[in-house]
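Observations on chain architecture
So the chains spell out like this:
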Amino acid sequence: SVKENGRSSYQFYNTAMAKKTYERLALERDLRLALERKEFLLHYQPQIGLETGMVGGIEALLRWRHPERGLVSPEVFIPVAEESRLIVPIGEWVLYTACKQNKAWQDAGLPKVQVAVNLSIHQFQHAEIVDTIARILRETGLSPQYLELEITESIAMHDVEQVIRTLQALWDMGVNISIDDFGTGYSSLNYLKHFPIHRLKIDKSFLDDMVSNAKEREIVAAIIVMAHSLGLQVTAEGAESLEQVHILNGYRCDDVQGYIFSQPLPARAFAELLEKRKVYYWSGKAVGGGRG
Ligand code: C2E
Ligand code: MG
Ligand code: MG
Ligand code: MG
């Protein structure tokens, strides 16, 4: 009967929900232990300056090596870390490790580059974020100009006065600030007038259809023109083909980060790449690609 069907689908739903909740709790429980068990590591992806073909910056990307699950994607565990606020201590580990690594590379005589670290909204809103960053720079000895913080447009939907005060304090410290995943948020462009920032990172979704879709190209071109007229640098994220790189260069995009040049690499592999002072000859010759 209808009633029986109704009840069994309700029970099924309940079981599926319970399973999901259990999974989520198991993940959170393991995440809580991951820091002390030293299961986190960073991978580094180069950002290539199109004019020079050289590595101008690096993005540090968090990886979790789970004892049973293997390498867990940040797309899976970052949301759990954010909901549980574990992102604050984990994010601090990321900041410290990225700054320390970058300073070690500089001390080893490798070319000096900026390292970009993703900051979640909860980290950004944390009362001590400015002090934490100042302390990490002091402890690691990295000069602030070699640190970039990536935040998303969603911060524009929070207490704007507070956001501006924090960004200004970071700017005054000499740290660089970029807007990640630009164009995917629900916020207006209004914040671009008021926020002290250095760079926009155009989201991969705009690049995906760029080759086949003229409207998508026009949007990318317009973002780059607007950013430059506001005095901002532009990085395009997620370029996988040479054709995309050529189009982006035609629009005077500053930097490109994507698999066409390199996937995110473990620290050691990245150091080799810096050591070689690798130049990516994208116009004409083949580019790096793959894992270096
Ligand atoms: P994101 O900050 O936008 O980072 C770029 C993502 O795009 C990275 O994924 C990178 O591996 C990927 N990517 C770069 N080039 C290409 C390409 O050509 N093709 C494709 N298909 N993908 C490309 P990843 O490492 O899986 O990180 C995913 C997201 O997780 C990041 O997006 C960021 O939002 C978050 N995340 C990673 N590390 C951290 C962290 O330390 N803290 C916080 N709060 N979030 C992080
Ligand atoms: Mg990012
Ligand atoms: Mg991004
Ligand atoms: Mg993203």
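Thresholds, definitions, all that
Residues numbered from 1 in each chain as written. Chains lettered and ligands numbered in written order. Predicted model: local features only at pLDDT ≥ 70, side-chain atom pairs only at ≥ 80, totals over all residues. Heavy atoms only, no water. Axes fitted to C-alpha atoms, helices over the stretch in contact; angles between N-to-C directions. Helix = DSSP H or I, 4+ residues; strand = E, 2+ residues; numbered from the N terminus. Parallel < 35°, antiparallel > 145°, perpendicular 65-115°, else oblique. Left-handed = near helix turned anticlockwise from the far one by under 90°. Contact = heavy atoms within 4.5 Å. Salt bridge = Lys/Arg side-chain N within 4 Å of Asp/Glu carboxyl O. Core = buried A, V, L, I, M, F, W, Y, C linked by side-chain atoms within 4.5 Å. Buried < 20%, exposed > 50% of the residue type's maximum accessible area, 1.4 Å probe, protein only. Donors = N, O, S within 2.8 Å, 3.2 Å for Na, K, Ca; no water.

- Looking up the chain in an unreviewed UniProt entry gives the name EAL domain-containing protein, with the organism given as Paenibacillus cremeus.

1. Re the packing of helix 5 (residues 129-140) against helix 6 (residues 160-173)
- Direction vectors running N to C along helix 5 and helix 6 enclose 20°, while the axes themselves pass 10 Å from each other. When the axes of helix 5 and helix 6 are compared, the pair comes out roughly parallel. For the pair helix 5 and helix 6, the sense of crossing is right-handed. Between helix 5 and helix 6, the residues in contact are Ile129, Val130, Ile133, Ala134 and Leu137 and Thr166, Ala169, Leu170 and Met173, respectively.

2. Describing the pattern of salt bridges
- Tallied over the entire structure, the rule returns 16 salt bridges.
- With a closest N to O distance of 3.9 Å, lysine 204 and glutamate 240 form a salt bridge. Of the two residues, lysine 204 sits in helix 8 (residues 204-208) while glutamate 240 sits in the loop between strand 8 (233-237) and helix 10 (242-250), which places them 36 residues apart along the sequence.
- In this structure, a network of salt bridges that share partners links the residues Arg24, Glu28, Arg32 and Glu83.

3. Observations concerning the nonpolar core
- Within the largest apolar cluster, 83 residues are counted, with the highest numbers of intra-cluster contacts made by Leu31, Ile133, Leu147, Leu200, Leu248 and Phe261.
- A total of 8 residues in this core trace back to one element, the largest contributor, which is helix 3 (residues 87-107).

4. Observations regarding the coordination of the magnesium ion (ligand 2)
- At this site the magnesium ion (ligand 2) is bound by Glu59 (OE), Asn118 (OD1), Glu150 (OE) and Asp180 (OD), with donor distances of 2.0 to 2.2 Å.
- In the primary structure, the donors to the magnesium ion (ligand 2) are separated according to the pattern E-x58-N-x31-E-x29-D.
- Between the magnesium ion (ligand 2) and the magnesium ion (ligand 3), the interatomic distance is 4.1 Å, and aspartate 180 donates to each metal, bridging them. One end of the pair, glutamate 59, is in strand 2 (residues 55-66); the other, aspartate 180, is in strand 6 (residues 176-182), with 121 residues separating them in the sequence.

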